[in-house]
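# Geometric and topological summary
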Amino acid sequence: MNDSIPGGAHPRISGYPYYSGRSDNLLQYYSTIDRLRAEASFYWNGDDESGFWIFTDPEAVAEAYKTPDFFSSASVIATDPNPDYKWIPIMSDGREHRQWRRLMAPVFAARRLAAMEDVVRGHARRIIDEFADAGECDIRRDFGNIFPTVIFLELMGLPVEHAERFMKWEHAILNTPASQDPDRAIAIGAMNEVTAYMAEVLEYRRTNPGDDLISMAIGWEIDGKPISHEDLLNFCLLMLIGGLDTVQAQLTWALYHLATHPSDRARIVADPELIPTAVEEILRVYTIVQVARKATRDQDFHGCPVKAGQMVLLPLAVLCRDAGAFAEPTEVTIDRPLSEQTAYAFGAGPHRCIGLDLARRELRIALEEWHRRIPEYRIPDDSNVIEYVGAQITLPSLPLAWAV
Ligand code: HEM
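Values in this document were obtained by computation on a predicted structure and should not be read as measured data.

Criteria and cut-off values
- Residues numbered from 1 in each chain as written.
- Predicted model: local features only at pLDDT ≥ 70, side-chain atom pairs only at ≥ 80, totals over all residues.
- Heavy atoms only, no water.
- 1 Å grid on protein atoms, 1.4 Å probe; cavity = no way out; pocket = protein on both sides within 12 Å on 5 of 7 lines; lining within 4 Å.
- Points joined across faces, edges and corners; volume = space filled by probe spheres on them.
- Helix = DSSP H or I, 4+ residues; strand = E, 2+ residues; numbered from the N terminus.
- Nonpolar A, V, L, I, M, F, W, Y, C, P; charged D, E, K, R; others polar.
- Salt bridge = Lys/Arg side-chain N within 4 Å of Asp/Glu carboxyl O.
- Buried < 20%, exposed > 50% of the residue type's maximum accessible area, 1.4 Å probe, protein only.
- Phe/Tyr/Trp six-rings, centres within 6.5 Å; stacked < 30°, edge-to-face > 60°.
- Lys NZ or Arg CZ within 6 Å of the ring centre and 35° of its normal.
- Near = heavy atom within 4 Å.
- Polar contact = N/O pair within 3.5 Å; in protein donor to acceptor, adjacent residues only side chain to side chain.
- Sits in = over half its atoms within 2 Å of the grid points.
- Pairing = 2+ DSSP bridges.
- Axes fitted to C-alpha atoms, helices over the stretch in contact; angles between N-to-C directions.
- Parallel < 35°, antiparallel > 145°, perpendicular 65-115°, else oblique.
- Left-handed = near helix turned anticlockwise from the far one by under 90°.
- Contact = heavy atoms within 4.5 Å.
- Donors = N, O, S within 2.8 Å, 3.2 Å for Na, K, Ca; no water.
- Disulfide = S-S within 2.5 Å.

In this model, the largest pocket occupies a volume close to 340 Å³. In terms of lining residues, the largest pocket is bounded by 20 residues, among which Thr79, Ala178, Asp181, Pro182 and Arg184 are the most central. What the second largest pocket holds in volume is close to 290 Å³. Residue lining of the second largest pocket: 14 residues in total, with Arg140, Asn145, His171, Gln248 and Pro396 positioned closest to the centre. Elements that contribute at least two residues to the lining of the second largest pocket include exactly α6 (139-144), α8 (163-174) and α12 (245-260). Per element, the largest residue contribution to the lining of the second largest pocket is four residues, and it comes from α8. Tallied by class, residues from the lining of the second largest pocket come to four nonpolar, five polar and five charged.

Evaluation of the coordinates by the stated rule reveals 29 salt bridges. Residue aspartate 211 is joined to arginine 112 by a salt bridge in which the shortest nitrogen-to-oxygen separation is 3.6 Å. You can see aspartate 211 sitting in the loop between α9 (185-207) and α10 (213-218) and its partner arginine 112 sitting in helix α4 (residues 110-115), a full 99 residues away along the chain. The class of aspartate 211 is exposed, set by a relative accessible area of 67%. For glutamate 368, the salt bridge identified is with arginine 121, shortest N-O distance 2.8 Å. Placement of glutamate 368 in helix α16 (residues 356-373) and of arginine 121 in helix α5 (residues 117-132) is noted, with a sequence separation of 247 residues between them. For the pair shown, glutamate 368 and arginine 121 are each scored as buried.

Of note, leucine 316 is situated in helix α15 (residues 316-320). Relative accessible area serves as the criterion here: at 2%, leucine 316 is assigned to the buried category.

What follows is about the packing of aromatic side chains. This structure, assessed with the given rule, holds 30 aromatic pairs. Both rings, one in tyrosine 30 and one in tryptophan 253, keep their centres 5.7 Å apart while their planes meet at 80°; by these two values the pair is edge-to-face. Remark: tryptophan 253 occurs in helix α12 and tyrosine 30 occurs in helix α1 (residues 28-39); sequence separation between them is 223 residues. Aromatic pair phenylalanine 166 and tyrosine 197: ring centres 5.1 Å apart, planes at 90°, arrangement edge-to-face. Of the two residues, phenylalanine 166 is situated in helix α8 and tyrosine 197 in helix α9; the sequence distance between them amounts to 31 residues. Per residue, the accessibility class of phenylalanine 166 equals that of tyrosine 197, and both read buried. Among the aromatic residues, those joined into a ring-pair cluster are Phe131, Phe143, Phe147, Trp370, Tyr377 and Trp402. The aromatic ring of tyrosine 377 is capped on one face by arginine 265, whose charged end is 4.7 Å from the ring centroid. Across from the ring centre of phenylalanine 326, 4.5 Å away, lies the NZ or CZ of arginine 284, which sits over that ring.

Our focus in this paragraph is the site of the ligand. The immediate surroundings of the ligand are formed by 29 residues, with His97, Arg101, Arg293, His351 and Cys353 found nearest. A distance of 3.5 Å separates an oxygen atom of the ligand from a polar atom in the backbone of isoleucine 90. Between the ligand and arginine 293 there is a distance of 2.7 Å, counted from an oxygen atom to a side-chain nitrogen or oxygen. Among the cavities detected, the one that contains the ligand is the largest cavity. Those elements that provide at least two residues to the shell around the ligand are α3 (94-104), α11 (229-243), α12, β9 (290-295) and α16. Of the residues forming the shell around the ligand, the biggest block, four residues, is contributed by α11. When grouped by side-chain class, the residues that make up the shell around the ligand number 19 nonpolar, eight polar and two charged.

Moving on: the pairing of strand β3 (residues 42-45). Neither face of β3 is open: one carries Phe42 and Trp44, the other Tyr43 and Asn45, and all of them are buried. In the sheet, strand β1 (residues 12-13) pairs with β3 via two bridges, with the strands oriented parallel. Counterpart to isoleucine 13 in the pairing with β3 is asparagine 45. Pairing of β3 with strand β4 (residues 52-55), which is carried by four bridges, proceeds in the antiparallel orientation. Bridge pairing in β4 places tryptophan 44 opposite tryptophan 53. Taking the residues that link successive antiparallel strands as the turn, the β3-β4 hairpin has six residues, and the phi of glycine 46 there is positive, at about 125°.

On to the packing of α5 against α16, then. The geometry of α5 relative to α16 is characterised by a closest axis approach of 9 Å and an angle of 40° between their N-to-C directions. Regarding the angle of α5 to α16, the classification is oblique. Regarding α5 and α16, the two cross each other, and that crossing is right-handed. Residue-level inspection shows Glu117, Val120, Arg121, Ala124, Arg125, Ile128, Asp129, Phe131 and Ala132 of α5 in contact with α16, the latter providing Arg361, Glu362, Arg364, Ile365, Ala366, Glu368, Glu369, Trp370, Arg372 and Arg373. For the contact of α5 with α16, the residue count by class is eight nonpolar, no polar and eleven charged.

Time to look at the side chain of histidine 257. With respect to the helices and strands, histidine 257 occurs in helix α12. Not counting residues within four places of it along the chain, the set of residues in contact with histidine 257 comprises Asp264, Ile282, Tyr286 and Val332.

This part takes up the coordination of the iron atom of the ligand. Counting protein donors around the iron atom of the ligand gives one, Cys353 (SG), at 2.3 Å. With respect to the helices, strands and loops of the structure, cysteine 353 is situated in the loop between α15 and α16.

So, on to the state of the cysteines. For the coordinates displayed, the defined rule picks out zero disulfides. Unpaired in terms of disulfides, cysteine 236 finds its nearest cysteine sulfur in cysteine 353, a separation of 17 Å.

Structure, rendered in structure tokens:
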């Protein structure tokens, strides 16, 4: 090994699944995480300085998320240490970040979300009604993609008829493999289109305010000053990035799990009260997010010689599938007691997902409505079911069939 390149004397891999596109096998990402975690606590991924660290020790991952003065969110993509964009609030730190969180909290307050229950359920029913009598669908195409998109549009006060274009943008930004977009031109092009769209909406809402997130954000202040137009656009962009692909991916994994585990499915059909804990377990076992941080200083961290400016990838699956914390960590146990660690799919530390209650509500309602209408279903042909590693770990397509 060459000590002149970072990680030279330390465990090293190349080809870790990260924006790598299609996997060879379904669930390969998760088996890779389980294997790496069992073999070492950290790795250098890559052959030279352009690589990044991957932490696979649960304690180190949790602590890194909770130590933002060392592990900055100035970049959250391991292959992009010096981004020329800023997603707000996810790429802000310290005082600035705390102010954003305070401003956003009322938007995601329990009372406000509870008031959305009927709207969310109404969309779930309407969408399922469109294909239920056909006896088949592609869950990702026909339900998983569209459902969180219309809820996002409701939250933002945007027309639900614009769902198609949002799904296209979101896919380009988050799910274009590095091989097809090495300089991220496709992703950045889509981000520019989103910001152009949002700029028009902001303009309109300044003179026609409504009861929506964009109208609220126009009145917000940071450090006693109104938020700049540019920062408002970056905030809108992050809401799109944070709220769409995540729920889409998790909903598809949920239906995948329940289609392939009939006894779990039978239990939630017989007792829908189990759905909230089933959702938590599915989020835990099929954890989809792996964000990175940028080191602010040189420091040995849990044995890893991190240097200032290096990127560190912190896969949440390491925490969620931790054999030290869970009996049978890779199994979904739909009534497993909840703990801080079962909820690590939503992150840890100051950037922990602010939309987690909305996400849980969407997933719960989707599963309630689906199983009320379609209690028995199967994957008729799994030859096209592939795992895809973009910004999240997803199933881009999942055909399901049922008797009508
Ligand atoms: C199951 C679905 C979801 C999952 C698994 C998920 C996961 C996460 C994770 C892991 C983070 C932390 C990222 C980091 O530490 O850098 C995060 C942050 C965030 N999420 Fe979610 N999320 C989901 C749904 C949503 C929804 C529905 C929204 C809003 C509509 C949302 C909005 C956000 C925002 C704004 C942040 C940034 C918080 C901050 O920087 O303080 N998320 N999410």
